Number of protein chains: 2
Amino acid sequence: MNKSEKKSDSKQAIFDISKEENFPDWYTEICKVAELADIRYGVKGFTPFLPWSVMSMEIMFDFLEEALHRKGHLPMIFPTVIPESNLTKEADHVDGFTPQVFWIKDYGADGELEERLALRPTSETALYPMYSLWIRSWRDLPLKRYQRASIFRSEVKSTRPFLRGREFLWIESHNVFASHDEAKDQVMEDLETTKEIVTGIYGVPVMVFKRTQWDKFPGGLNTYAADTLMPDGKVIQLPSTHDLGDNFARAFDIQYLDENNETRYAYQTCYGPAISRIYGAMISVHGDDKGLRLPYTVAPYQVIIVPIYKSKNEAEVMEFARKIESELHEAGIRVYLDARDTTPGWKYNFWEMKGAPIRVHIGPREVRDDKVMLFRRDLMKREPVSSTGLIEEIKQLGEAIDKTLLEQAESKFEGLVVDADSIGTIIDALDKGKIARVEFCSTDMDGYDCAGRIEERTSGEIRGTRIDTDESPQGVCVICGKVAKEIVYIARSY
Amino acid sequence: MNKSEKKSDSKQAIFDISKEENFPDWYTEICKVAELADIRYGVKGFTPFLPWSVMSMEIMFDFLEEALHRKGHLPMIFPTVIPESNLTKEADHVDGFTPQVFWIKDYGADGELEERLALRPTSETALYPMYSLWIRSWRDLPLKRYQRASIFRSEVKSTRPFLRGREFLWIESHNVFASHDEAKDQVMEDLETTKEIVTGIYGVPVMVFKRTQWDKFPGGLNTYAADTLMPDGKVIQLPSTHDLGDNFARAFDIQYLDENNETRYAYQTCYGPAISRIYGAMISVHGDDKGLRLPYTVAPYQVIIVPIYKSKNEAEVMEFARKIESELHEAGIRVYLDARDTTPGWKYNFWEMKGAPIRVHIGPREVRDDKVMLFRRDLMKREPVSSTGLIEEIKQLGEAIDKTLLEQAESKFEGLVVDADSIGTIIDALDKGKIARVEFCSTDMDGYDCAGRIEERTSGEIRGTRIDTDESPQGVCVICGKVAKEIVYIARSY
């Protein structure tokens, strides 16, 4: 083939869909053209994840696992299958998860298992019978563990790559303590971990809620969850953490001898950051009309080098480009030299659509002057810099990009909450893609009926009470008019 | 509690089983007391893997994935389930794997899927229908991908933690090329990767065989596999790589337009390093009668710091120990300060059983003289070193330990192969835990009957022909007396 032809690749490189005006299309199209996931697998809700998303998700896993490890949690890998008899030990938990379970009964040509096996919909009932065997005395506590796992749920809602699937990727941390206070501290630490990693590293701002009693984890005491806002004005739940009290310890017989040799039930927590869902939210929050904008921290390639040459100076440009590539690689920067046989312009569009945070353009002039052109995707700006000190420039630019992405996302969060005191004002708020803040009778089960009326009339859902702000109700419930015990937040949601 | 009591933990620390004389017991016991896996999960062949094994396996995954990435393979994550209709597309492949498949048919309380789903027994039939959609022209080739995945097979053989389970952990690399020559080159590169990582990093020596036609991957053309020797004189298959020819391309319609615009079938390879199995082989090869001996490269903690003090000097010893811990951590060494309330002697036994490669002992004398005692697990030797330059000393010692472990393992490999020319001499060799090298009629299907007679009479199995040595037969088949076309190797196996 004649290299000078510079044929364009058949794949699309230019992306142009208004994210704010048409988010569903934007999302579907970017998953396709950026090759993040392929929905043509042929089994509802099961979607292959492709290299460009997987490389980021691997990095996202690494950050979260490092944080958990640093905070004293150790990794395990449990079987994917759970015996049916385990699943039925905690009554509320069974009711909550059984409708979503995939069951294995048959094997081989005509084998049949003695007991059905569930594909794990969450792993409490896999782990806790073993915890019951492992924990004997106060010396074995706290027990802080986590696993990275695939989770399976036969969702009835419509599925979408990353955001909601019948198989998704998560980390689940399951912890056991001697006292309820330690368990409550763990729950707060989990929320800190969410803010540290999801907001601090992935750049996704969150609001943290204590869920209502009718919206908590089945079998637990209290659920705390982080929500973020999607471009269509709906919120999506990101990691939740659960104070299980001693409910599961009683169901699974997790007891320990305390220092006075008395037998006590242990207290437990679990925390489930779903990396695939967080990835879906992250690309939605940061993307723009030209495609993805990936944070420097988690981009598969942080820097793309685009060589620009005609035949007569190909050799010198490529030599210079390879030298830069090798220097950046040595410095631990994830770099890709795009030497494909297409035009520089095609490559610019391609990597803008893919969301690579930084590009380095190298042409004959750059070689001559020993400099490069540095392009940042977030602001679509370029400036020439000397190739001496390039590594430091790139690292600083990476930090600046992530700061900008977070600031832009946070500015959308500001002014998001609107006070409302009637069905009408709630609807007005939700129709504008906002979150309504209202006085409400109760988040215990006695508030369930009022919540139902809100959902019915506004399509909004109570996300719970804020735990990261200090606020107390002054008036009456927006629905029933009784004295309000709580201030709750209402939003449309995924 | 009174710290000066120095109670021993209730868990066992001293390990003492002869690995050579009683390998099955050694293996079962070390999995239990070193807390590698727990066989009490209650579902045959499904075993939770615990932190001490998982932390090593994560590192082992990292090394292999880095090598694959460096050699041009990118990661994907495919669904765990495969539609039954996909599984039946390649006839030999179906016959090979269907007997081992777990099937999902039911979900929820009473839902039934339209089509049964298999838990993946290997992923050709999950990936290749998508490959058929992705590959259009010669520009899309080569396509080099891999995924890290759990694999499910309803094994009839008895299961053992890591070595053989109904769920195990692997990487599978699936690659597509325009020509058969490129595919063959990939297979050779995979064997190099095995040697680079399994031998070079994990310290497990292997012999590489081309399998016979009756022992190849179902649906493939040729299988190449690395075997290592276990302490009981049986061999175990470590990674295998398969030249699939264009068999699967024809079954799954993977075609491309070549540079002359002609439609051609592609050629494929797959490579499947099973990390959990390699972990089981690695600990078996390196362990000794006192427990595990983990290579420095893959040990969860490379250095254990053991502080030694009485109450009066606890503060100064702990301060010094923490300073050393922090220096090693800063230098990227995986270090653990064992501050548990037990005796130093108990800790020595514990970490010898766990196989931590290096220990640093710090007592009042070490604090005074600004030095530490350095202990290496492989040779059970200690020597004092200055705490200045400790990091360099530890890194060198780590390399020396891995060199020793590999040399010791390789020395068991030497003299392992014995020439045999009769059933009797084959049995003699196998009974001594050796591998018999014999002249054999054919590794094509016309040799199948002779192979059956060997297996029946010797309990040995033909592992194939060597591809890493150059050897040609001179005589006649040890069974049928026809002219020998091959030299084959016979061993008892897992």
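Sequence positions are assigned chain by chain, starting from 1 and proceeding in written order. Each chain takes a letter, starting from A, and each ligand takes a number, starting from 1, following the order in which they are written. Only residues with pLDDT of at least 70 get local features here, since the model is predicted, and only at 80 or more are side-chain atom pairs given and counted; chain-wide, interface and lining totals rely on the full set of residues. The side-chain numbers reported here are obtained from all heavy atoms of the structure, hydrogens and water having been left aside.

What follows concerns the overall build of chain A. Comment: elements are numbered from the N terminus, with helices defined as DSSP H or I runs of at least four residues and strands as E runs of at least two. When you go through chain A residue by residue, the secondary structure sums to 14 helices and 21 strands. Taking 494 residues into account, the globule formula puts the C-alpha radius of gyration at 23 Å, and chain A, at 26 Å, falls close to it. The principal-axis extent of the C-alpha atoms belonging to chain A is close to 80 × 55 × 50 Å. In chain A, which comprises 494 residues, the proportion classed as buried is 59%. Throughout, a contact is declared for two residues whenever any of their heavy atoms are within 4.5 Å. The long-range share in chain A, meaning contacts at least 24 apart out of those at least 6 apart in sequence, stands at 70%. A residue counts as positive if it is Lys or Arg and as negative if it is Asp or Glu; His and the chain ends are not included. By convention, the charge on Lys lies at NZ, on Arg at CZ, on Asp at CG and on Glu at CD. Charged side chains in chain A number 64 positive and 81 negative. The centres of these two groups are separated by 5 Å. Here the globule rule reads 2.2 Å times residues to the power 0.38, and the radius of gyration is calculated from C-alpha atoms. Burial classification: accessible surface area is computed with a 1.4 Å probe over protein chains only, and a residue below 20% of its type maximum counts as buried, one above 50% as exposed, and the rest as partly exposed.

A carboxyl oxygen of Asp or Glu within 4 Å of a side-chain nitrogen of Lys or Arg is what we treat as a salt bridge. This model, assessed by the stated rule, comprises 54 salt bridges over all chains. Put simply, A:Asp378 and A:Arg376 hold a salt bridge, and the shortest N to O gap is 2.7 Å. A relative accessible area of 7% places A:Asp378 in the buried class. With its nearest N and O atoms 3.6 Å apart, the salt bridge here joins B:Glu262 to B:Arg264. Relative accessible area serves as the criterion here: at 38%, B:Arg264 is assigned to the partly exposed category. Among the charged side chains, a salt-bridge network with shared partners connects A:Arg211, A:Asp215, A:Asp227, A:Glu461 and A:Arg463.

Attention now moves to the pairing of strand E13 (residues 303-307) of chain A. Residues and elements named next belong to chain A. Burial within E13 is extensive, with five of its five residues counted as buried. With burial as the criterion, each face of E13 is covered, one bearing Val303, Ile305 and Pro307 and the other bearing Ile304 and Val306. In this sheet, strand E14 (residues 335-337) lies alongside E13 in parallel orientation, the contact comprising three bridges. Across the sheet, Ile304 pairs through a bridge with Tyr336, a residue of E14. DSSP calls a pair of strands paired once it identifies at least 2 bridges connecting them.

This brings us to the side chain of A:Ser276. All names here are of chain A. Structurally, Ser276 is set in helix H8 (residues 275-286). On the basis of relative accessible area, Ser276 is assigned to the buried category, the value being 0%. Engagement of the side chain of Ser276 in a polar contact is seen with the backbone nitrogen of Leu169, the distance being 3.0 Å. Leaving out residues up to four positions away in the same chain, Ser276 has contacts with Phe49, Met57, Phe162, Phe168 and Leu169. N or O atoms within 3.5 Å of each other form a polar contact, as long as, within protein, one can give a hydrogen and the other can take it, and as long as residues adjacent in sequence are counted only when both atoms are side-chain atoms.

Quick look at the interface of chain B and chain A now. Each partner contributes to the interface: chain B provides 60 residues, whereas chain A provides 60 residues. Surface buried jointly by chain B and chain A totals about 5,000 Å² across both partners, of which 65% is contributed by carbon and sulfur atoms. Its largest share of buried area at the contact with chain A, chain B owes to B:Tyr41, B:Ile77 and B:Arg139, together 15% of the area lost on that side. Here chain B is connected to chain A by two salt bridges. In this structure, A:Asp106 engages B:Arg116 in a salt bridge whose closest nitrogen and oxygen atoms are separated by 3.8 Å. Put simply, chain B and chain A have 14 residue pairs in polar contact (both at pLDDT 80 or more) between them. Among the elements of the structure, helix H2 (51-70), strand E1 (74-75), strand E2 (81-83), strand E3 (102-107), strand E4 (111-119), helix H5 (124-134), strand E5 (143-152) and strand E6 (167-177) of chain B are those that each provide at least two residues to the side of chain B that touches chain A. With six residues, the top contributor of residues to the side of chain B that touches chain A is E3(B). Summed over both partners, the accessible surface that disappears when two parts come together, traced with a 1.4 Å probe, is what is meant by buried area.

Right, let's get into the relation of the copies chain B and chain A. The least-squares superposition of copies is restricted to C-alpha atoms, and to residues with a pLDDT of at least 70 in both copies. After a rotation of 180 degrees and a shift along the axis of 0.0 Å, chain B superposes on chain A with an RMSD of 0.0 Å. Here the symmetry operator amounts to a two-fold rotation axis. Proximity to the rotation axis, assessed at the C-alpha, singles out B:Ile104 in chain B; its C-alpha lies 2.3 Å from the axis. When the interface residues of chain B are mapped onto chain A, 100% of them again lie at the interface, so the same face is used by both copies.

What follows deals with the packing of aromatic side chains. Geometry of aromatic contacts follows a simple scheme: Phe, Tyr and Trp rings, the Trp one being its six-membered ring, pair when their centres are within 6.5 Å, and the pair is stacked under 30 degrees between planes, edge-to-face over 60, tilted otherwise. The final tally for this structure, using the stated rule, is 52 aromatic pairs over all chains. Arranged with centres 4.9 Å apart and planes meeting at 10 degrees, the rings of A:Tyr301 and A:Tyr336 form a pair that is stacked. Residue A:Tyr301 is located in the loop between H8 and E13, and its partner A:Tyr336 is located in strand E14; the two are separated by 35 residues in the primary sequence. By relative accessible area, A:Tyr336 is classed as partly exposed at 26%. Taken together, a centroid distance of 5.6 Å and an interplanar angle of 40 degrees make the contact between B:Tyr131 and B:Trp134 tilted. Linking B:Tyr131 with B:Trp134, this pair stays in helix H5, spanning three residues, or about one helical turn. Of the two residues examined, B:Tyr131 and B:Trp134, each falls in the buried class. Put simply, the rings of A:Tyr41, B:Phe78, B:Phe97, B:Tyr128, B:Tyr131, B:Trp134, B:Phe217, B:Phe248 and B:Phe252 pair up and form one aromatic cluster. Over a ring means this: the NZ of a Lys or the CZ of an Arg is within 6 Å of the ring centre and within 35 degrees of the ring normal. For the cation-ring pair, B:Arg359 lies above B:Phe375, with the distance from its terminal atom to the ring centre recorded as 3.9 Å.

Nonpolar cores are built from buried Ala, Val, Leu, Ile, Met, Phe, Trp, Tyr and Cys residues. Side-chain atoms within 4.5 Å join them into one set. Counting 76 residues, the largest nonpolar core has A:Tyr131 and B:Tyr131 as the members making the most contacts within it. If near-sequence neighbours (up to four positions away) are discounted, B:Tyr131 is found in contact with B:Met76, B:Leu143, B:Arg145, B:His174, B:Val176, B:Ile254 and B:Gln268.

All names here are of chain A. A cluster of acidic side chains, namely Asp16, Glu20, Glu21 and Asp289, defines a negative patch on the protein surface. Within the element layout of this structure, Glu20 appears in the segment before helix H1 (23-33). Taking relative accessible area as the criterion, Glu20 reaches 45% and is therefore assigned partly exposed. Each patch groups residues whose relative accessible area exceeds 30% and which form no salt bridge, using 9 Å between like charges and 5 Å between nonpolar side chains of Val, Leu, Ile, Met, Phe, Trp and Tyr. Exposure was quantified through the Shrake-Rupley algorithm and a 1.4 Å probe, taking into account, for residues, occlusion by the shown protein chains and nothing else.

To continue, consider the sheet that holds E2(B). Spatial strand order, E2(A)-E4(A)-E3(A)-E3(B)-E4(B)-E2(B): six strands in an open sheet with antiparallel pairing. Two strands close off the open sheet at either side, each with one partner strand: strand E2 (81-83) of chain A together with E2 of chain B. Looking at each pair of strands side by side, their axes are set apart by 45 degrees on average, direction ignored. Where E2(B) meets E4(B), three bridges bridge the pair, whose relative direction is antiparallel. Following the sheet pairing, B:Ile82 is matched in E4(B) by B:Ala118. Helix axes use the C-alpha atoms of the stretch in contact, all axes being lines fitted to C-alpha atoms, and the angles between their N-to-C directions lie in the range 0 to 180 degrees.

Moving on: the packing of helix H9 (residues 314-330) of chain B against helix H12 (residues 390-413) of chain B. All names here are of chain B. One can describe the packing of H9 onto H12 by two numbers: an axis separation of 10 Å at closest approach and a directional angle of 60 degrees. As far as their axial angle goes, H12 and H9 are oblique. Read as a crossing pair, H9 and H12 show a hand that is right-handed. Here H9 contributes Ile324, Glu327 and Leu328 to the contact with H12, which in turn contributes Leu390, Ile391 and Ile394. Residue composition of the contact of H9 with H12, grouped by class: five nonpolar, no polar and one charged. Roughly parallel means an angle under 35 degrees; roughly antiparallel means over 145; roughly perpendicular covers 65 to 115; every other angle is labelled oblique. Here a crossing is called left-handed whenever its near helix is offset anticlockwise from the far helix by less than a right angle, and right-handed whenever the offset is clockwise. Charged means Asp, Glu, Lys or Arg here, nonpolar means Ala, Val, Leu, Ile, Met, Phe, Trp, Tyr, Cys or Pro, and polar covers whatever is left, Gly included.

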